[in-house]
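Given next are the chains, with one letter for each unit.
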Amino acid sequence: MEYMTTGVETEPDAEKSHSVVRLQMMMKLGNFVFAATLPRAGDEGEADSEISGDPTAIGFIGITRAPEVFFIFGRASWGKGYATEALEAFLAAYWSKFPNGLQQIDPELKDVLQAHVVDENLGSSRVLEKVGFKQIGTTTGQIGDRTDVLERVYEIRRPSGHKRV
């Protein structure tokens, strides 16, 4: 089992812990979230046979605070192109399935998605840029006990002519 690399959470109330809050956001009705998985042994396109049984979740990608996209992948999957592939698939599905954006999204933002990345997270910034996100500015946010964390803000617009499938 792999644990979060942000260290031990000190929140005494489990319902308020960073991990539980993330899970609750992903499961909230009306949000759009994918689990990225590795294929099972024998699945078409698999390069080797070391993976077997049920698909293995290696990360999550979705929209929990529209129009903000998030993604999180286990360290063992970094640098292998999985996040880029998953984000490309996610965006194609989102643009097709939600021509007017998610129900809770401001109608003026139906054709825009954003992502916030901690400034030192160069890998996630590269993933966003590979799929067409552009940096539009910076802001400060909070991550766990850390406040005033510098974040890069990225944005992508719905491709012109993208129709509902």
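Residues numbered from 1 in each chain as written. Predicted model: local features only at pLDDT ≥ 70, side-chain atom pairs only at ≥ 80, totals over all residues. Heavy atoms only, no water.

Looking now at the pattern of salt bridges. Across all of its chains, the model carries 5 salt bridges by this definition. In this structure, R158 engages D111 in a salt bridge whose closest nitrogen and oxygen atoms are separated by 2.5 Å. One end of the pair, R158, is in the segment after strand 6 (146-157); the other, D111, is in the loop between helix 2 (82-97) and strand 4 (112-118), with 47 residues separating them in the sequence. By relative accessible area, which is 27% here, D111 ends up partly exposed. When the shortest N-O distance is used, the salt bridge between R146 and E120 registers 3.3 Å. Of this pair, R146 sits in strand 6 while E120 sits in the loop between strand 4 and helix 3 (122-130), and the two are 26 residues apart along the sequence. Looking at E120, the relative accessible area reads 52%, which means it is exposed. Taken together, the shared-partner salt bridges connect K110, D111 and R158 into one network. (Salt bridge = Lys/Arg side-chain N within 4 Å of Asp/Glu carboxyl O. Helix = DSSP H or I, 4+ residues; strand = E, 2+ residues; numbered from the N terminus. Buried < 20%, exposed > 50% of the residue type's maximum accessible area, 1.4 Å probe, protein only.)

Counting 28 residues, the largest nonpolar core has L87, F90, L91, Y94 and F133 as its most contacted members. Those elements that provide at least two residues to this core are strand 1 (32-38), strand 2 (56-65), strand 3 (68-73), helix 2, strand 4, helix 3 and strand 6. It is helix 2 that contributes the most residues to this core, 7 residues altogether. Beyond its immediate sequence surroundings of up to four residues, L91 is in contact with L113, V131, F133 and I156. (Core = buried A, V, L, I, M, F, W, Y, C linked by side-chain atoms within 4.5 Å. Contact = heavy atoms within 4.5 Å.)

Moving on, we get to the environment of S160. You can see S160 is positioned in the segment after strand 6. A sequence separation of 49 residues divides S160 from D111, and the C-alpha atoms of the two residues are 9.6 Å apart.

The amide bond that connects A66 to the next residue, P67, takes the cis arrangement and shows omega of 5°. Note that P67 resides in the loop between strand 2 and strand 3. A positive phi angle is found at D148, which is not glycine, with a value near 55°.

Listed as buried for helix 3 are S124, S125, V127 and L128. Taken around the axis of helix 3, the buried residues stretch over an arc of 160°, which confines them to a single face. Lining the buried residues of helix 3 we find strand 3, helix 2, strand 4 and strand 6. Once helix 3 finishes, G132 follows within two positions and takes phi at roughly 110°, a positive value. (Arc of directions from axis to C-beta.)

A separate point is the pairing of strand 3. Of the two faces of strand 3, the one holding V69, F71 and F73 is buried and the one holding E68, F70 and I72 is not buried anywhere. Alignment of strand 2 against strand 3, held across 6 bridges, turns out to be antiparallel. Its bridge partner lying in strand 3, G62 is registered against F70. Linking strand 2 to strand 3, which pair antiparallel, is a turn of 2 residues. (Pairing = 2+ DSSP bridges.)

Structural measurements only, silent on function.
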